[in-house]
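Descriptive structure summary
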Amino acid sequence: MRYLPKSTAERRDMLAAIGARSIESLFASIPEKFRLKEPLRLPAAMSEQEIIDYFRARAAENSGGYTSFLGAGVYNHLRSVVTDSLIQRGEFLTSYTPYQAEISQGTLQAIFEFQTLMCELTGMEVANASMWDGSTATTEAVLMAERLTGRHRVVVARSLHPEYRQVLDTYTRNLGVHIHEIGFTSSGQADIARLEAAIDKETAAVVVQSPNFFGVLEQIPHLAELAHAKGALLVVAITEGVSLGAVRPPAEADIVAMETQSFGLAPSYGGPYAGVIATRDKFVRQMPGRLAGETVDSNGRRGYVLTLATREQHIRREKATSNICTNQALCALAVTIHLCLLGKEGLKELAAQNLAKARFALDLLESIPGVRRAFSGPFFNEFAVQFPRSVKLVNRDLLREKIIGPLPLGSSYADLTKRALFCVTETTSRAEIERMAAAVREILSKPV
Amino acid sequence: MTDRIKKAGRHVSQNEGLIFEQSAPGKRGVEFPPLDVPAIDARTALGTAYARESVAGFPEVSEIEVMRHFTRLSTWNYAIDLGMYPLGSCTMKYNPRVNEFVARLEGIATEHPYQPQELSQGCLKILKLLLDCLAEITGMDTGTLEPAAGAQGELTGLLLIRAYLEDTQGGPRKKVLIPDSAHGTNPATAVIAGYEVENVPSDEHGQIDIARLKEIVTGDVAAMMVTNPSTLGVFEQNIAEAAEVLHAHGALLYMDGANMNALAGVARPGDFGVDVMHLNLHKTFSTPHGGGGPGAGPVMVKKILEPYLPVPVLDEKDGHLALDHHKRKSIGRVRAFGGNFGVLVRALAYTLAYGPGIRQATEDAVLNANYIRKKLEDVYDMPFNSPSMHEVVFSDARQKKNGVSTMDIAKRLIDYGFHPYTTAFPLIVPGAMMIEPTESESRQECDLFVEAMRAIAEEAATTPDLVKTAPHNTRVSRLDEVAAARKPVLRWKPKAHSS
Ligand SMILES: Cc1ncc(COP(=O)(O)O)c(C=O)c1O
């Protein structure tokens with residue numbers, strides 16, 4: 001087998017050196033009745049070429065050749081060859097968590113740079129590296145707020161991603177956390193009046209997403225005031241990081257939980273991505289996840305180490321801030337490299353392109369009889385429209401045109417049937433947008 | 001002394017500051033296709049209250065600077081690609097590059113989790129085949145591929161147990177039993193699952209103490225989490241008896257499968273009483289650790305736990321695969337978008353490369369560990385001398401007499417061209433030296449490691465200071481961790497801002 005570096009003779013010699021009669025004898029500590037007598041029933045071993053052929057065949061059964069208008073937490077953005085070649089360097093790809101700082105300075109310094117970039121993006125003072133994804137980062141942010149406030153009620157906007165809310169529910173259901181969901185108004189923003197009424201002296205956190213699930217920006221400064229007035233913390237989730245190139249960061253928030261997939265990570269049917277938690281310095285000791293800090297070596301040279309580890313499971317066990325161990329390090333490295341390539345100007349231009357394309361698409365759609373914009377609030381690169389008929393029917397016909405249509409909001413919000421969430425990024429060409437709009441016009445011009 | 005170091009020499013490594021220190025206004029590393037729709041000003045589009053001018057502290061650098069920056073940083077890392085990485089419990093094996101290749105294919109990397117399922121049959125077939133292979137390897141009935149890492153697999157497993165107990169016994173019960181040899185994620189996870197942790201002392205062989213277990217398993221105990229082989233690298237002889245004791249009291253057996261590299265193709269947890277377990281695909285199934293992640297922690301279960309699996313659940317309907325998001329008894333979702341699909345792709349590529357021959361990998365892993373054990377057991381102390389499987393745990397007891405600790409020996413190994421072994425646990429071995437070579441090491445590499453370890457043992461006796469001040473050949477010497485934690489500097493700040 002090509003991955004195994006031993007000849008039969010070497011194996012024999014090593015067994016002899018051990019003083020073992022056979023390889024089976026090395027497994028003698030497994031009770032006889034549990035030792036397999038038959039080979040496993042697995043597909044026969046494949047060569048490299050056969051493996052490639054297998055996956056090429058699977059790839060061909062997917063969505064090749066279709067234009068997509070899906071976002072909703074996972075975005076199609078340009079990725080770079082530079083990022084992808086750098087993260088495949090064996091020194092990054094095949095190293096472990098940098099516990100041994102002297103031979104992990106590359107990873108450690110990159111983590112430190114990631115933390116800095118995340119602070120600049122979000123307007124927070126400190127950021128970890130990393131969480132499993134945006135949904136678990138949001139959940140961990142809520143648990144963190146609970147520890148910081150000693151309170152157990154959480155007010156959550158329904159405009160937070162439905163899957164994020166489900167993850168939050170799975171985690172908190174058994175922990176005595178009470179979740180109170182708040183609806184949205186015709187702007188698509190969280191219902192501030194209801195929200196204000198729901199926050200009380202038991203509220204640990206108010207949780208919103210911005211841009212929210214409908215693509216609409218929330219009024220962060222106002223929400224922060226309301227939360228802080230009752231001693232609660234404001235947790236802001238961000239699924240579309242590119243928005244931060246054009247949108248004010250949620251600087252008034254106490255904890256930001258962000259999914260960084262938009263920064264150079266492939267959609268990859270759901271992962272791997274990288275979540276991050278950013279917060280204020282004063283909260284750092286309740287923050288979960290890994291942190292790299294600057295220090296000096298015994299000769300006074302600048303270097304980096306993992307720090308504040310007394311928060312973590314390998315030191316604190318049942319008293320740790322979280323159980324996270326393996327995180328999304330290589331994805332966070334890709335994000336770091338990608339953001340360095342983008343830089344100040346690139347991120348700004350990227351965000352501007354998304355703003356322009358999404359507006360261009362909305363204008364075209366709104367010109368179609370029966371199609372209306374669903375929410376009036378400011379948006380970045382996603383927006384919801386209302387169709388005169390079921391979104392599923394429209395999407396079925398769009399598929400015939402090799403277009404993957406918008407996400408039907410009715411599947412997650414019973415009150416939003418016929419509403420569809422479009423995402424348009426810099427990767428969608430004008431011609432594709434025009435083709436989609438023409439197809440929608442054509443579909444809606446015919447009776448159901 | 002340096003002539004004893006055979007595996008490594010010194011070479012020039014480039015100095016490199018932080019990327020922010022190379023920034024100059026106007027430089028950039030990316031250009032976009034021109035905008036093909038009318039441009040819009042962010043202030044006009046969003047309103048001044050929502051718009052942002054730019055991200056102040058972002059670096060401005062060119063493509064070549066980014067390339068050199070990260071290439072230089074990379075050369076400061078040790079990696080499996082450079083040599084043996086014997087971190088016990090972490091299973092640092094070769095990460096086949098074909099896995100990277102297929103995970104990046106057009107049609108694999110490009111797929112959106114919300115695209116129609118009829119346009120996702122390729123992705124779903126990959127998930128199905130992987131799940132089937134993992135069920136065969138573990139002897140379990142089915143499972144979920146959703147958890148993002150081992151620790152999230154543990155949480156998923158405990159939540160399944162919770163849901164099962166609530167459903168069938170009217171309540172979740174109170175406690176989870178965890179041996180004192182367990183990894184830190186086990187107790188941390190149990191707490192997040194809403195359980196109290198009861199630590200269970202191991203017997204004098206480092207094994208589950210069945211007599212003791214019989215005393216402490218009551219109606220309050222929901223489950224026991226057992227790592228098998230244990231973190232001592234030893235097969236739990238009494239695992240099936242432990243399962244019986246637990247089952248007799250209505251409790252379940254959770255197996256931490258981090259050490260499955262010792263069992264694949266040789267024995268199956270499903271056959272020795274395990275009800276639920278996780279796998280670390282970034283250990284046993286060769287997906288790269290990437291400096292700390294990403295991983296994937298599938299959870300495999302017996303039939304009784306199937307109704308509670310997290311959504312979405314993979315189903316087969318009229319010859320097509322489909323994801324079902326609505327299962328009445330499901331614990332819900334543990335992560336958005338279904339899981340670390342790209343990692344699952346790599347794990348399947350690994351499994352396909354071996355097929356039933358995966359047993360050979362297991363045999364070689366165990367052979368290497370026993371070879372190293374045999375060649376070192378006369379110079380290092382072995383607190384538990386039960387037969388080793390895929391890893392061997394020594395302690396620094398002998399070297400400690402000269403003031404040399406496991407950490408010192410670990411740091412000295414760096415000078416010899418190796419990554420250190422695991423020092424942090426198991427906690428039942430003070431001064432632990434947990435060595436896991438994996439199957440990826442040749443006899444020559446094992447011999448070099450043995451020579452290095454023997455040379456260090458000698459140094460610890462004759463020139464202990466040399467060991468205590470190691471490493472000597474690295475870019476940086478030992479770093480001041482205490483200062484880092486006392487006054488944390490966790491981000492770069494421009495000179496003008498810092499005080
Ligand atoms: C024995 C054991 N259990 C659990 C874990 C946790 O797994 P992960 O890091 O994938 O969360 C590890 C690895 O770090 C381990 O070695």
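Residues numbered from 1 in each chain as written. Chains lettered and ligands numbered in written order. Predicted model: local features only at pLDDT ≥ 70, side-chain atom pairs only at ≥ 80, totals over all residues. Heavy atoms only, no water.

**What about unusual backbone geometry?**
Residues and elements named next belong to chain A. Rules: A run of DSSP states H or I qualifies as a helix once it reaches four residues; a run of E qualifies as a strand once it reaches two. Both are numbered from the N-terminal end. Categorising residues by exposure relies on relative accessible area from a 1.4 Å probe, with only protein chains included: less than 20% of the type maximum marks a residue as buried, more than 50% marks it as exposed, and the intermediate range marks it as partly exposed.
The linkage connecting Ser210 with the following residue, Pro211, adopts the cis geometry, with an omega of -10°. Cis geometry is found at the peptide bond from Gly271 to Pro272, where omega equals 5°. Looking at the secondary structure, you find Pro272 in the loop between β7 (255-259) and β8 (275-279). With a phi close to 50°, Arg317 is a non-glycine residue in the positive phi region. Position of Arg317 among the secondary structure elements: in the loop between α10 (313-316) and α11 (329-366). Classification of Arg317 by relative accessible area gives buried; the value is 11%.

**Here's the deal with the domain arrangement of chain A**
Residue and element names in this part refer to chain A. So the rule is basically this: All domain edges in this entry derive from an automatic or database-based domain assignment. Residue contacts are defined here by distance: any two heavy atoms, one from each residue, within 4.5 Å place the two residues in contact. Put simply, buried area is the surface a 1.4 Å probe can reach on two separate parts but cannot reach once they are joined, added for both.
Domain boundaries assigned for chain A yield domain 1 (67-78 + 343-445) and domain 2 (81-338). Between domain 1 and domain 2, the C-alpha centre-to-centre distance is 28 Å. Taken together, the 31 residues of domain 1 in the interface contact 33 residues of domain 2. Roughly 2,300 Å² is buried in total at the junction of domain 1 and domain 2, and carbon and sulfur atoms are behind 64% of that figure.

**Some thoughts on the pairing of strand β10 (residues 392-395) of chain B**
Every other side chain in a regular strand lies on the same face of the sheet, so the side chains alternate between the two faces. Residue and element names in this part refer to chain B. The cut-off we apply is this: A pair of strands is treated as paired once DSSP finds two or more bridges between them.
Both faces of β10 are covered, namely the face carrying Val392 and Phe394 and the face carrying Val393 and Ser395. Looking at chain direction, β10 and strand β11 (residues 432-435) are connected through four bridges and run antiparallel. Paired with Phe394 across the bridge in β11 is Met433.

**Describing the pattern of salt bridges**
Note the cut-off: Here a salt bridge means any side-chain nitrogen of Lys or Arg lying within 4 Å of a carboxyl oxygen belonging to Asp or Glu.
Applying the stated criterion across every chain yields a total of 54 salt bridges over all chains. A salt bridge links A:Glu102 to B:Lys411; the shortest N-O distance between them is 2.7 Å. Placement of the pair is A:Glu102 in the loop between α4 (90-93) and α5 (105-122) and B:Lys411 in helix α12 (residues 406-415), with the two residues belonging to separate chains. Of the two residues, A:Glu102 and B:Lys411, both sit in the buried class. With a shortest N-O distance of 2.8 Å, B:Arg72 and B:Glu16 are connected by a salt bridge. Placement of B:Arg72 in helix α2 (residues 63-74) and of B:Glu16 in the segment before α1 (42-46) is noted, with a sequence separation of 56 residues between them. The class of B:Glu16 is buried, set by a relative accessible area of 12%. Salt bridges sharing common partners tie together A:Arg41, B:Glu136, B:Arg268 and B:Asp271.

**Examining the domain arrangement of chain B**
All names here are of chain B. To keep things clear, this is the line we draw: All amino acids are sorted into three groups, where Ala, Val, Leu, Ile, Met, Phe, Trp, Tyr, Cys and Pro are nonpolar, Asp, Glu, Lys and Arg are charged, and the leftover types, Gly among them, are polar.
When cut into domains, chain B gives domain 1 (1-76), domain 2 (101-356) and domain 3 (358-483). Once you take the C-alpha centre of each, domain 1 and domain 3 turn out to be 38 Å apart. Between domain 1 and domain 3, the residue contacts involve eleven residues of the former and 16 residues of the latter. Carbon and sulfur atoms make up 52% of the surface buried where domain 1 meets domain 3, a total of about 1,200 Å² over both sides. Here domain 1 is connected to domain 3 by three salt bridges. Between Lys6 and Glu451 there is a salt bridge; the shortest N-O distance is 2.5 Å. Here the side of domain 1 that touches domain 3 is composed, by residue class, of four nonpolar, three polar and four charged.

**Some thoughts on the environment of B:Pro34**
All names here are of chain B. Mapped onto the elements, Pro34 comes out in the segment before α1. Pro34 sits in the exposed class, given a relative accessible area of 72%. C-alpha separation for the pair Pro34 and Leu155, spaced 121 residues apart in sequence, amounts to 47 Å.

**A closer look at the interface of chain B and chain A**
Formally: Polar contacts, as counted here, are pairs of nitrogen or oxygen atoms within 3.5 Å of one another; within protein the pair requires one atom able to donate a hydrogen and one able to accept it, and residues that are adjacent in sequence qualify only if both atoms are side-chain atoms.
Taken together, the contact pairs 201 residues of chain B with 178 residues of chain A. Summed over both partners, the interface of chain B with chain A buries about 17,200 Å², with 63% contributed by carbon and sulfur atoms. Per-residue buried area on chain B facing chain A is highest for B:Tyr50, B:Phe58 and B:Leu490; these three make up 5% of the total on that side. For the pair chain B and chain A, the number of links is 13 salt bridges. When the shortest N-O distance is used, the salt bridge between B:Arg104 and A:Asp84 registers 2.9 Å. Where chain B touches chain A, the interface holds 89 residue pairs in polar contact (both at pLDDT 80 or more). When residues in the side of chain B that touches chain A are grouped by element, the largest group, 14 residues, is from helix α10 (residues 358-376) of chain B. In terms of residue class, the side of chain B that touches chain A is made up of 112 nonpolar, 51 polar and 38 charged.

**Regarding α10(B)**
What counts is decided by this rule: One less than the number of residues in a helix, times 1.5 Å, gives the span that helix is expected to have.
The end-to-end C-alpha distance of α10(B), which contains 19 residues, comes to 28 Å, matching closely the 27 Å that a straight helix rising 1.5 Å per residue would cover. Burial of α10(B) is extensive: 15 of the 19 residues sit out of reach of the surface.

**Let's talk about the sheet that holds strand β7 (residues 299-301) of chain B**
Residues and elements named next belong to chain B. Going by this rule: A fitted line through C-alpha atoms represents every axis, and for helices the fit uses only the stretch in contact; the resulting angles, taken between N-to-C directions, go from 0 to 180 degrees.
An order of β1-β7-β6-β5-β4-β2-β3 is seen for the seven strands of this open sheet, with the pairing classed as mixed. Both outer strands of the open sheet, β1 (142-144) and β3 (196-200), are each paired with one neighbouring strand and no more. Between one strand axis and the next, the sheet turns through 25° on average, direction left out of account. One ladder, built from three bridges, connects β1 with β7; its direction is antiparallel. Each bridged residue has a counterpart across the sheet, and for Gly143 the counterpart in β7 is Met300. On the sheet, helix α6 (residues 185-192) packs against β2 (175-179), β3, β4 (221-227) and β5 (252-256) and is oriented at approximately 175° with respect to β2. Against the sheet, helix α8 (residues 239-248) touches β4 and β5, its axis set at about 140° to β5.

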